Amino acid sequence: MSVSKEQIRKYCRIKYVEHARSQGDTHVTIISSEVTNAFQLESDDPIVCEALWSNEFEYENYLFRVSNNCCGEHGVSIMVYRILTTIGEVGEHK
């Protein structure tokens, strides 16, 4: 299955970011293997990290990248973002 970074970002915005915001969460965690499985990608495909650990994903969703263990144990990355309320907050953390 061929998938673009844009498709991955959109999927994660809907599944993770919007859900976390609706629950009033202050942080959102995305596990790369969950996204890889959803798109039926190979577990070592770097496209998930490239799509999500990016300025585009951060700015599009008013997030601040907190931590990432990209390519951690078993090739699984755990990406944590703080949920911001405005784009101004994003600029404050750069």
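Preceding this section is the structure that the text describes.
Bear in mind the structure is a predicted one, so any value in this text is a computation, not a measurement.

Reading the values: rules and limits
- Residues numbered from 1 in each chain as written.
- Predicted model: local features only at pLDDT ≥ 70, side-chain atom pairs only at ≥ 80, totals over all residues.
- Heavy atoms only, no water.
- Pairing = 2+ DSSP bridges.
- Helix = DSSP H or I, 4+ residues; strand = E, 2+ residues; numbered from the N terminus.
- Axes fitted to C-alpha atoms, helices over the stretch in contact; angles between N-to-C directions.
- Salt bridge = Lys/Arg side-chain N within 4 Å of Asp/Glu carboxyl O.
- Phe/Tyr/Trp six-rings, centres within 6.5 Å; stacked < 30°, edge-to-face > 60°.
- Buried < 20%, exposed > 50% of the residue type's maximum accessible area, 1.4 Å probe, protein only.
- Lys NZ or Arg CZ within 6 Å of the ring centre and 35° of its normal.

1. A word on the sheet that holds strand E2 (residues 63-68)
Taking strand neighbours across the sheet as the criterion, the 3 strands line up as E1-E3-E2 in an open arrangement whose pairing is antiparallel. The open sheet terminates on both sides in strands that have one partner only, identified here as strand E1 (27-31) and E2. When strand polarity is set aside, the average angle formed by the axes of neighbouring strands in this sheet is 25°. Examined bridge by bridge, E2 and strand E3 (residues 78-83) share 5 bridges and lie antiparallel to one another. Paired with Phe64 across the strands is Arg82, a residue of E3.

2. Re the pattern of salt bridges
A complete count under the given rule lists 4 salt bridges for this structure. The closest approach of N and O atoms between Arg65 and Glu58, which form a salt bridge, is 3.0 Å.

3. Thoughts on the packing of aromatic side chains
Taken as a whole and assessed by the stated rule, the structure comprises 4 aromatic pairs. Between Tyr11 and Tyr16, the ring centres sit 6.4 Å apart and the planes meet at 80°, which makes this aromatic pair edge-to-face. Classification of Tyr11 by relative accessible area gives partly exposed; the value is 24%. Judged by relative accessible area, which is 10%, Tyr16 ranks as buried. With a centroid separation of 5.5 Å and an interplanar angle of 65°, the aromatic rings of Phe57 and Tyr81 are classed as edge-to-face. One end of the pair, Phe57, is in helix H4 (residues 55-60); the other, Tyr81, is in strand E3, and 24 residues separate them in sequence. On the basis of relative accessibility, which here comes to 0%, the residue Phe57 falls in the buried class. Joined through ring pairs, the aromatic side chains of Tyr11, Tyr16 and Phe39 make up one cluster. Here the guanidinium or amino end of Arg65 rests over the ring plane of Trp53, the centre of that ring lying 5.8 Å away.

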